[in-house]
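# Structural overview
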Amino acid sequence: MGETPAFATRWDLLHAWVLIGVDRASGVFSGSEPEPGRQAVCVWASRDAITEALHVESWDPRRIRVRDLVAMLPAGIGLQVDPGLPSGITLTSAEVSALRELVSPFPPGEPALHAWAGPTGAVRDALVAAASGRVRALHAFGYTVGDSPVLGCLAHDLAPDEAEAVDAALESVLAAAAVDADALGVARVDVVRLGDVPAPLRDVLGREHVLLPERPRRRWRR
């Protein structure tokens, strides 16, 4: 690592937006070989830095979250942030694999409930509109795992074979809101089934975490 890292913690790096170069002809990501036989993808923390490093006529700078990038990288590939700069960080393929473990909802560790109870304002309204009439219930809550920042979760009560369309609708709202880091109020928000929430969290959810209350079951009349 350089003397002045661009990101203070692994969580800062994981949830950061960076710029990656995409070859205009082949679609290949910008990369390097920090050591013989070790391949790495290169990203930059600022447009000035990527413009200085790459020939813009050959490379298309694109914005990407580190979280999304490490999730798609194959095994054996490392990551360099701001290569050649004092702020530069180099992660080996093993360190990228360790970072990838933090991408999934409920990363390894003991989760603890946090006071965050979901987005507010227009984002909250859009989530309710996307779920209304499609889920039995929708919960929003925050939690931490170890030294993590506050992580958000939307948990819906829906049969697995019906969940895909609802997940897509909710994630679309969240993706639009994530452009403004303050709109969500947490580092990230994952969409999951209520049954997949670890019991230590599910068992302590209260009314303040309900975005859509459970719909009453219909009673059949004879």
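For the structure itself, consult the block above.
What comes next is a walk through the structure. Since this is a predicted model, take the numbers as computed values, not measurements. Throughout, a residue's number is its position along its own chain's written sequence, starting from 1. Since the coordinates come from a predicted model, pLDDT governs what is reported: local features require at least 70, and pairs of side-chain atoms require 80 or more to be given and counted, while whole-chain, interface and lining totals use all residues. To obtain the side-chain values, all non-hydrogen atoms of the structure were included, while hydrogens and water were left out.

### Structural notes on helix α5 (residues 121–131)
Every buried residue belonging to α5 is among Val123, Leu127, Ala130 and Ala131, and all of these are buried. Projected down its long axis, α5 carries its buried residues within an arc of 90°, all on one side. Exposed side chains of α5 directed beyond 90 degrees from the buried face belong to Ala122, Asp125 and Ala129. Positive phi shows up at Gly133, right after α5, with a value of about 80°. Exposure classes here rest on a 1.4 Å probe applied to the protein chains alone. A residue is buried below 20% of its type maximum, exposed above 50%, and partly exposed in between. Secondary structure follows DSSP: runs of H or I at least 4 residues long count as helices, runs of E at least 2 residues long count as strands, and numbering of each begins at the N terminus. The arc refers to the directions leading from the helix axis to the C-beta atoms.

### Thoughts on the nonpolar core
Side-chain atoms within 4.5 Å link the members of a nonpolar core, which is a set of buried Ala, Val, Leu, Ile, Met, Phe, Trp, Tyr and Cys residues. The biggest cluster of nonpolar side chains holds 36 residues, and the ones touching the most others in it are Leu79 and Phe141. Leave out the neighbours within four places in its chain, and Phe141 touches Phe106, Leu113, Trp116, Ala117, Leu151, Gly152, Cys153, Ala155, Val197, Leu201, Leu205 and His209. Whether two residues are in contact is decided by their heavy atoms: any pair within 4.5 Å suffices.

### Overview of the side chain of Arg188
Inspection of the secondary structure puts Arg188 in the loop between α7 (181–184) and β10 (189–193). For Arg188, a relative accessible area of 1% gives the class buried. Discounting chain neighbours no more than four positions away, the residues touching Arg188 are Trp11, Leu14, His15, Arg67, Leu102, Val103, Ser104, Pro105, Pro107, Tyr143, Leu151 and Gly152.

### Observations concerning the pairing of strand β5 (residues 77–81)
Along β5, 5 of the 5 residues are buried, which leaves the element largely enclosed by surrounding structure. Across 5 bridges, the pairing between strand β3 (residues 38–44) and β5 is parallel. Bridge pairing in β5 links Cys42 to Gln80. Summarising the sheet, β5 and strand β6 (residues 89–91) pair through 3 bridges and their orientation is antiparallel. Across the sheet, Gln80 pairs through a bridge with Thr90, a residue of β6. The pairing criterion is simple: DSSP has to find at least two bridges between the two strands.

### Observations regarding the pattern of salt bridges
Between Lys or Arg on one side and Asp or Glu on the other, a salt bridge is scored when a side-chain nitrogen of the former is within 4 Å of a carboxyl oxygen of the latter. For the structure on display, the rule yields 6 salt bridges. Between Arg10 and Asp147 there is a salt bridge; the shortest N-O distance is 2.9 Å. Taken together, the residues span a long stretch of sequence, with Arg10 in helix α1 (residues 10–14) and Asp147 in the loop between β8 (138–145) and β9 (151–156) at a distance of 137 residues. By relative accessible area, Arg10 is classed as partly exposed at 43%. Notably, a salt bridge pairs Arg188 with Asp190, separated by 3.0 Å at the nearest N-O pair. Each member of the salt-bridge network shares a partner with another, and the members are Arg67, Arg188 and Asp190.

### Looking at the pairing of β3
Walk down a regular strand and you will see the side chains alternate between the two sheet faces. Extensive coverage of β3 is indicated by the burial of 5 of its 7 residues. The pairing of strand β1 (residues 17–23) with β3 spans 2 bridges and is classified as antiparallel. By the bridge assignment for β3, Leu19 is matched with Trp44. In textbook terms, the turn of a hairpin is the stretch between consecutive antiparallel strands, and for strand β2 (residues 31–35) and β3 this stretch comprises 2 residues, one of which, Gly37, has a positive phi near 85°.

### Observations regarding the environment of Val96
Here Val96 shows up in helix α4 (residues 93–100). Looking at Val96, the relative accessible area reads 0%, which means it is buried. If sequence neighbours within four positions are ignored, Val96 has contacts with Val70, Leu73, Ile77, Gly78, Leu79 and Leu91.

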